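Structural overview
Chain by chain, the residues:
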Amino acid sequence: MKQNTLLTSALWALLSPFAGWAVLRVAGWEPKLRWSQLVSFTPYAAAGSLVPLALALALRNRPATYAALVVGGLLASVVLPRAVPQGVPEAAGQPLRVMTANLRVGSVPAEALIGAVERSRPDVLTLQELTPDLAARLDRGGLLTLLPYHLEQLGTAVYSRFPLRPGLGFAAGQWQHVGGLLTLPDGSEVDVVGVHACAPAGGWLAGCWAQSIRVLPPAVAKRPRVLAGDFNSTLDHAVLRELIATGYQDAASVTGKGLVMTWPYYGRSALVPKVAIDHVLASEGVAVRSFETLALPRTDHRATVTDLVLGRRA
């Protein structure tokens, strides 16, 4: 009897952290301290919640089994949908291939990035942590021959195959986002924003992180809008979900690849469980055809390549 009591107590103690995690995630409340970082690992918490469920079943503890089913169900409800493709809508319009890459403070060799651009053939390339030295090496290596138009602000750049001029503005010296207005061959225009949000670290940076997402434009616009880059946020962060709720689609989630992780893959941080913080968000009226990731040397991020079609029809 005493052993059963101890096992039951241990079972409830094991289940409690998962229950708290599920409540915080579903409620969307993100307290201070390190929760803004921890919530990124919700897919792992969802998988881990199967452990107390299995133990409850093994011990034939009905109340704990029901509780574990509720907890696991809540976590699964916020994680599994992003792994289910939503279907590719019939589309007619201008195709647009968007590539993004965080260069880890200019660490990616210029020839490696140019080679990836030559193979992937993007129409738009957004870069984060682009240093002046690497930018010069990319110019000498021929990137501007492939993508002749470009804009840059605070190490974030947008390169384009099509004419590009300054678009949506962000406070220079404060936000590492750059907005451009792209003119397509059919004469239509699309807003493109190269995104690099602050990291969700503790202290004053936590405020910078949330605000760097909130300054991004909502999807409501007369023309299509695409945000692409390093959001330093996963779909488990309320601030990113609030932005998407204005009318965006997350390209990875729409194509059933929302659990494809993009960071970290290099250096000591590679030991950290992987999370998906690099995104392409497309406004309504844009069909998402595909989303892929690819490895670049010497960076802890996976680059992404997304195929869009502007001018979706039902």
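Before reading further, recall that the structure is shown in the block above.
Residues numbered from 1 in each chain as written. Predicted model: local features only at pLDDT ≥ 70, side-chain atom pairs only at ≥ 80, totals over all residues. Heavy atoms only, no water.

Examining the pairing of strand S6 (residues 178-183)
Among the six residues in S6, five count as buried, and that is most of the element. Relative to S6, strand S5 (residues 164-166) runs antiparallel, the two being bridged by three bridges. Each residue of the ladder has a partner; that of Pro-166, found in S6, is Gly-180. Between the end of S6 and the start of strand S7 (residues 189-196), which pair antiparallel, lie five residues, with Gly-187 showing a positive phi angle near 90°. (Buried < 20%, exposed > 50% of the residue type's maximum accessible area, 1.4 Å probe, protein only. Helix = DSSP H or I, 4+ residues; strand = E, 2+ residues; numbered from the N terminus. Pairing = 2+ DSSP bridges.)

Quick notes on empty space enclosed by the protein
Evaluation of the coordinates by the stated rule reveals two cavities of 30 Å³ or more. There is about 70 Å³ of room inside the largest cavity. Lining of the largest cavity is provided by 13 residues; of these, Pro-43, Arg-82, Thr-234, Met-261 and Ala-276 occupy positions nearest its centre. In this structure, the second largest cavity occupies an estimated 50 Å³ of space. In this structure, the second largest cavity is lined by Leu-235, Asp-250, Ala-252, Lys-257, Gly-258, Val-260, Ala-276, Asp-278, His-279 and Phe-291. (1 Å grid on protein atoms, 1.4 Å probe; cavity = no way out; pocket = protein on both sides within 12 Å on 5 of 7 lines; lining within 4 Å. Points joined across faces, edges and corners; volume = space filled by probe spheres on them.)

A short note on the packing of helix H4 (residues 50-59) against helix H5 (residues 62-79)
Geometrically, a packed helix pair is captured by the angle between its two axes and the distance between the axes. Between H4 and H5, whose axes approach to 8 Å, the crossing angle comes to 160°. Relative to H5, H4 is oriented roughly antiparallel. The chirality of how H4 crosses H5 is left-handed. Along its contact with H4, which presents Pro-52, Leu-53, Ala-56 and Leu-57, the element H5 presents Ala-64, Thr-65, Ala-68 and Leu-69. Broken down by class, the residue content of the contact of H4 with H5 amounts to seven nonpolar, one polar and no charged. (Axes fitted to C-alpha atoms, helices over the stretch in contact; angles between N-to-C directions. Parallel < 35°, antiparallel > 145°, perpendicular 65-115°, else oblique. Left-handed = near helix turned anticlockwise from the far one by under 90°. Contact = heavy atoms within 4.5 Å. Nonpolar A, V, L, I, M, F, W, Y, C, P; charged D, E, K, R; others polar.)

Remarks on the sheet that holds strand S10 (residues 278-283)
Spatially, the six strands line up as an open sheet ordered S5-S6-S7-S8-S10-S9, and their pairing is mixed. Two strands close off the open sheet at either side, each with one partner strand: S5 and strand S9 (248-250). Along the sheet, successive strands turn relative to each other by an average axial angle of 25°, direction set aside. As paired elements, strand S8 (residues 225-230) and S10 share five bridges and run antiparallel to each other. In the strand pairing of S10, Leu-227 is matched with Leu-281.

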